[in-house]
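# Structural overview
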Amino acid sequence: MVQVVQCARDPEVETALRCSRCETPICPKCLVQTPVGARCRDCAKILRNPIYTLNTPQLIRGVLAAVIGGAIMGAIWYFVLLPFTYGFLSIFVGAGLAWVFTKLMNFATGLKRGPTVVALASAGILIAWGIQLAFLPLRIALYGLIAAGIGIYLAYQNLRGV
């Protein structure tokens, strides 16, 4: 027979539901549906996958890799790869940027994945493009935006982690 009791969090609400782990009475408003059944909020604390969780040193290393790598890649792009930024060859410049920043983020964050790592790699690629923007006329630097877009897309595909 089902026993009706007061919810542990909302004493004014009667319920017959219980947490599937600790058996605490919970009302429909307080329950959290998990893959193994209804649980109270204390038992349902779902931790993020560790591959997506950056600790502070990893985040700092990622930011430094994005800024320093962006500046270095921007200089290399400006002095060496600028002739390849136009037309069809910009695909290869974008692929190279994605490869470099994927490797940089893997090294700096310890193979972490997710939106934060993608944002750091994208920021690094935009910093590299910003070097072009600082030294070239806008009409020429805009060609590099195609390569940067390709690089950001490919870095996203590599680092998103799904």
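Residues numbered from 1 in each chain as written. Predicted model: local features only at pLDDT ≥ 70, side-chain atom pairs only at ≥ 80, totals over all residues. Heavy atoms only, no water.

Within the largest apolar cluster, 22 residues are counted, with the highest numbers of intra-cluster contacts made by Trp 77, Leu 97, Phe 101, Met 105, Ala 121, Ile 125 and Leu 159. Among the secondary structure elements, those contributing two or more residues to this core are helix H1 (56-81), helix H2 (90-109), helix H3 (115-135) and helix H4 (138-159). The greatest single-element share of this core, amounting to seven residues, is contributed by H3. When near neighbours in sequence (up to four residues on either side) are disregarded, Leu 159 contacts Thr 102, Met 105, Asn 106, Arg 113, Gly 114, Val 117, Val 118 and Ala 121. Core analysis: the next-biggest nonpolar cluster, separate from the first, contains five residues, Cys 19, Ile 26, Cys 40 and Cys 43 among them. (Core = buried A, V, L, I, M, F, W, Y, C linked by side-chain atoms within 4.5 Å. Buried < 20%, exposed > 50% of the residue type's maximum accessible area, 1.4 Å probe, protein only. Helix = DSSP H or I, 4+ residues; strand = E, 2+ residues; numbered from the N terminus. Contact = heavy atoms within 4.5 Å.)

To continue, consider the packing of H2 against H3. The relative placement of two packed helices is expressed as an angle between their axes plus a distance between the axes. Between H2 and H3, the least distance of the axes is 10 Å, while the angle of their chain directions is 130°. On the basis of the axis angle, H2 is oblique to H3. As for the relative orientation of H2 and H3, their crossing is right-handed in sense. Residues Leu 97, Phe 101, Met 105 and Thr 109 of H2 touch H3, and the partners they reach there are Val 117, Leu 120, Ala 121, Gly 124, Ile 125 and Ala 128. Counted by class, the contact of H2 with H3 contains eight nonpolar, two polar and no charged residues. (Axes fitted to C-alpha atoms, helices over the stretch in contact; angles between N-to-C directions. Parallel < 35°, antiparallel > 145°, perpendicular 65-115°, else oblique. Left-handed = near helix turned anticlockwise from the far one by under 90°. Nonpolar A, V, L, I, M, F, W, Y, C, P; charged D, E, K, R; others polar.)

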